[in-house]
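Coordinates in review
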Protein chains: 2
Amino acid sequence: MSVTTPAGFEAAGVAAGLKSSGALDLALVVNRGPRRAAAAVFTSNRAQANPIIWSRQVIADGEVAAIVLNSGGANCFTGAQGFQTTHATAEAVAEQLDVSAGDVLVCSTGLIGEQLDRSALLSGVAAAAGALGPHGDDAARAIMTTDSVPKTVVVEGPGYTIGGMAKGAGMLAPGLATMLAVLTTDADLPAAELDRALRIATRVSFDRLDSDGCMSTNDQVTLMASGASGVSPELDAFAQLLVDACVLLMLQLQADAEGASHDIRIEVTGAVTEADAVEVARSVARSNLFKAAMFGNDPNWGRVLAAIGTTSAQFDPYAVDVSFNNVRLCHAGAPDRSRDEVDLRDRAITVHIELHAGSEQATIYTNDLTHDYVHENSAYAS
Amino acid sequence: MSVTTPAGFEAAGVAAGLKSSGALDLALVVNRGPRRAAAAVFTSNRAQANPIIWSRQVIADGEVAAIVLNSGGANCFTGAQGFQTTHATAEAVAEQLDVSAGDVLVCSTGLIGEQLDRSALLSGVAAAAGALGPHGDDAARAIMTTDSVPKTVVVEGPGYTIGGMAKGAGMLAPGLATMLAVLTTDADLPAAELDRALRIATRVSFDRLDSDGCMSTNDQVTLMASGASGVSPELDAFAQLLVDACVLLMLQLQADAEGASHDIRIEVTGAVTEADAVEVARSVARSNLFKAAMFGNDPNWGRVLAAIGTTSAQFDPYAVDVSFNNVRLCHAGAPDRSRDEVDLRDRAITVHIELHAGSEQATIYTNDLTHDYVHENSAYAS
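**Observations concerning the pairing of strand β8 (residues 180–185) of chain B**
Residue and element names in this part refer to chain B. Taken across its six residues, β8 has six buried, putting it largely inside the fold. Summarising the sheet, β8 and strand β9 (residues 220–225) pair through six bridges and their orientation is parallel. Across the sheet, Val 182 pairs through a bridge with Thr 222, a residue of β9. On the question of chirality, the crossover connecting β8 to the parallel β9 by way of helix α5 (residues 191–203) is right-handed.

**A short note on the domain arrangement of chain A**
All names here are of chain A. For chain A, the domain assignment lists domain 1 (2–255) and domain 2 (263–379). For domain 1 versus domain 2, the separation of C-alpha centres amounts to 32 Å. Contact residues are listed per partner, giving ten residues for domain 1 and eleven residues for domain 2. Among the residues making up the side of domain 1 that touches domain 2, the classes are represented as three nonpolar, five polar and two charged.

**Some words on the sheet that holds strand β15 (residues 360–367) of chain B**
Residues and elements named next belong to chain B. Across the sheet, which stays open at both edges, the six strands sit in the order β13-β12-β11-β14-β10-β15 with mixed pairing between neighbours. Looking along the sheet, the strands with just one partner apiece sit at the ends: β13 (334–335) and β15. Here strand β12 (residues 327–331) pairs with β13 via two bridges, running antiparallel. Across the sheet, Cys 330 pairs through a bridge with Pro 335, a residue of β13.

**Here we look at the sheet that holds strand β3 (residues 37–42) of chain B**
Residues and elements named next belong to chain B. The strand order across the open sheet built from five strands is β3-β9-β8-β7-β6, with neighbouring strands paired in mixed fashion. Sheet topology places β3 and β6 (151–157) at the edges, where each strand pairs with a single neighbour. For this sheet, the mean inter-axis angle between neighbouring strands, taken without regard to orientation, is 10°. Here β6 runs beside strand β7 (residues 160–167); their pairing, made up of seven bridges, is antiparallel. For Glu 156, the partnering residue across the bridge sits in β7 and is Thr 161. Packing of α5 onto the sheet brings it into contact with β3 and β9, and relative to β3 it is tilted by some 35°.

**Things to note about the interface of chain A and chain B**
Listed per partner, the contact involves 47 residues of chain A and 47 residues of chain B. Put simply, the parts of the chain that give the side of chain A that touches chain B at least two residues each are α8 (288–295), α9 (301–308), β13 (334–335) and α10 (371–379) of chain A. Its residues assigned to classes, the side of chain A that touches chain B shows 24 nonpolar, 20 polar and three charged.

**Here we look at the environment of Asn 75 of chain B**
Tracing the chain through its elements places Asn 75 of chain B in the loop between β4 (66–70) and α2 (79–97). With 47 residues separating them along the chain, Asn 75 of chain B and Leu 28 of chain B place their C-alpha atoms 17 Å apart.

**Things to note about the nonpolar core**
The biggest cluster of nonpolar side chains holds 256 residues, and the ones touching the most others in it are Leu 28 of chain A together with Leu 28 of chain B. Filtering out sequence-adjacent residues up to four positions away, Leu 28 of chain B remains in contact with Ala 11, Ala 12, Ala 66, Val 68, Val 93, Ala 128, Ala 129 and Leu 132 of chain B.

**Section: the packing of α8 of chain A against α9 of chain A**
Residues and elements named next belong to chain A. It is the contact of α8 with α9, at a shortest axis distance of 9 Å, that shows an interaxial angle of 160°. The angle between α8 and α9 falls in the class roughly antiparallel. Considering the relative orientation of α8 and α9, their crossing is left-handed. Residue-level inspection shows Leu 289, Phe 290 and Ala 293 of α8 in contact with α9, the latter providing Arg 303, Val 304 and Ala 307. Looking at side-chain class alone, the contact of α8 with α9 contains five nonpolar, no polar and one charged residues.

**Quick word on the relation of the copies chain A and chain B**
Mapping between the two chain copies consists of a rotation about an axis together with a translation along that axis. Each copy superposes on the other: chain A lies on chain B with an RMSD of 0.0 Å after a rotation of 180° and an axial shift of 0.0 Å. The relationship between the two copies is best expressed as a two-fold rotation axis. Among all residues of chain A, the one whose C-alpha sits closest to the rotation axis is His 371 of chain A, at a distance of 2.7 Å. Most of the interface of chain A is mirrored in chain B: 100% of its interface residues are interface residues there too.

**Examining the pairing of strand β9 (residues 220–225) of chain A**
Residues and elements named next belong to chain A. Counting buried positions along β9 gives six out of six residues, so the element sits mostly inside the fold. Every second residue of β9 is oriented toward a common face, with Gln 220, Thr 222 and Met 224 on one face and Val 221, Leu 223 and Ala 225 on the other, all of them buried. With six bridges connecting them, strand β3 (residues 37–42) and β9 associate as antiparallel partners. Of the residues in β9, the one forming a bridge with Val 41 is Val 221.

**With respect to the packing of helix α7 (residues 274–285) of chain B against helix α9 (residues 301–308) of chain B**
All names here are of chain B. Between α7 and α9, the least distance of the axes is 8 Å, while the angle of their chain directions is 125°. Taken together, the axes of α7 and α9 are oblique relative to one another. Like other packed secondary-structure pairs, α7 and α9 cross with a definite hand, here right-handed. Contact with α7, carried on its side by Val 280, Ser 283 and Val 284, involves Val 304, Ala 307 and Ile 308 of α9 and no other residues of that element. Its residues assigned to classes, the contact of α7 with α9 comprises five nonpolar, one polar and no charged.

Thresholds applied
- Residues numbered from 1 in each chain as written.
- Chains lettered and ligands numbered in written order.
- Predicted model: local features only at pLDDT ≥ 70, side-chain atom pairs only at ≥ 80, totals over all residues.
- Buried ≥ 20, exposed ≤ 12 C-beta atoms within 10 Å, placed from the backbone.
- Helix = DSSP H or I, 4+ residues; strand = E, 2+ residues; numbered from the N terminus.
- Pairing = 2+ DSSP bridges.
- Right-handed = clockwise from strand over helix to strand, strands pointing away.
- Domains from an automatic or database assignment.
- Contact = placed C-beta atoms within 7 Å.
- Nonpolar A, V, L, I, M, F, W, Y, C, P; charged D, E, K, R; others polar.
- Axes fitted to C-alpha atoms, helices over the stretch in contact; angles between N-to-C directions.
- Core = buried A, V, L, I, M, F, W, Y, C linked by C-beta atoms within 7 Å.
- Parallel < 35°, antiparallel > 145°, perpendicular 65-115°, else oblique.
- Left-handed = near helix turned anticlockwise from the far one by under 90°.
- Least-squares fit on C-alpha atoms with pLDDT ≥ 70 in both.

The following block contains the structure:
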């Protein structure tokens, strides 16, 4: 049930006619309380969609009654008409639920630069409001674009639950947040603590996913708390459980990335700072030559070193070790064991880079560059 | 004849056996004087090949007698043995030509992390020294890796000539220099002026090419002047002619980029600074989603705005205009003319981004992301 597993939440997923396929394309998640605390993080892309501009205002007071999400169109760079569509959507939800439009978050995903069909959208809102129930799975399906499977999660804490759903298969490289994700909990926590927990969790989950280096204009991760469990957990414990939920969703996004044939963990250790480790790992995740080599099951460590040499992180390129699936191919800047000892045919690949410069570390999750990625992104306009 | 067109230069290209195909793989270019002034720029990648480490020392005094270049192996991350191979190569050239090894530049290109066959290399040096003559075309062929055609240029100034050759088809994203290029001139200019002219020229030519976002470990652009024309041109005029030569070589590199089906000019105007214009254009050149859309002949301007929104350049994303082949599809952050009016089937594509923030501009040259790029870089280890 995902977002409707925690007590206090109802959801629906309906077909509003925004997708030409007739598939589910509008999701509504409602917090029935007793509390309506919420937090959200947004894309750091300066090119921001109308729903992002709207939702930034809504979240300011930490109170959210409902979130409405549509696929079938990003409503980004659609001018005043597009912003009015977002506003009208929030007003329609507010009217249906008898709440304030200022407590309704809006998310959109799909093609940039095209107007949404406003009347279809508003009819869909009415249909969704009439279909509310324990339908988290329908909601998770309704936010899919090129996703091949819905992504949901449920984790259990002592006396409370966190549920979640996410979508995202392309433009997968977060700034602060990434893609669309909605997390719900029946824990009783104020908005400020939800915000702190959400930033802790997104920093080490969604923010560490870099599938194709392209940052979306519509990314939003929202956490809503109903307080319906009556349990007020310690922030640290809650944040750790939220990390688990976000990592589990992030791994589902990685596994379903457009056209990918490998899920790649790039582990950097021995860094002077965590930021250095992230920068080094991300430089590899963004190297098309590295990613194409992974597609070819070629443990091409030279492309790893060529990538990390472009960073400003503190390390000596001639002191670095590089391993593929635990076989060390490069030691101290020279060839070590034979490439032939590495088998990269499994979907999961781990690349380990030991910088020998300090004691900090980080992992970035990425995918390979494949014919299918090129095909999907040259044939599909998103 | 390329590098041997200017008076005072001889060259050779031979098959030393470094390439398993038996193709030409070793080039030697010799400056017979009377002057031996030279300048060079190198990759800004911190992961630097042994020939780069060697050549940085050689160029320090501004005097170069010869440059020897091999394909068939990058000699990068090959440890002490690899550095000794570079050193031995320079010594062998010096012995053959009766010059100092400290005046011999070395360049290598090919797979990173594999030892070169030193004895084959040294035999090749002897063969090349015995074959010296007006053989610039052989030299240009001997430095090819995945290049499908040799790249050469000759431009004429008043009383003097500039010739050049270059190689590069992948890892095409320069820091300071890019790929391998050798330029020769019979103009009479001191090393300091050559250095100034070379930096002026590379900044607006090779440095503006960003085919695949991957910076090489072996990039080097060298300019050698023999003074044999007896003409000492004004620096500004010489630098402008050198710009022309470098741009003509750079466009040949773009046209032969691995797997590319489109040559794309990304023109940014209305920037506050030239650096802003470069940053904005480069962000588009590095967007895999944009590049895949170009492969699909899809004028997806939303992906352009999503890319430039990640930069720190000064502009308002909602004031930007985007045109494809002179058809303005986005005006002031909203849809303008129909995508259907744009025909992207020609190999050449121009994307124009008007930021409406200032009066500076820059152009970046890139390519599309194709099935052939993925194929070549997953099947070929470089």
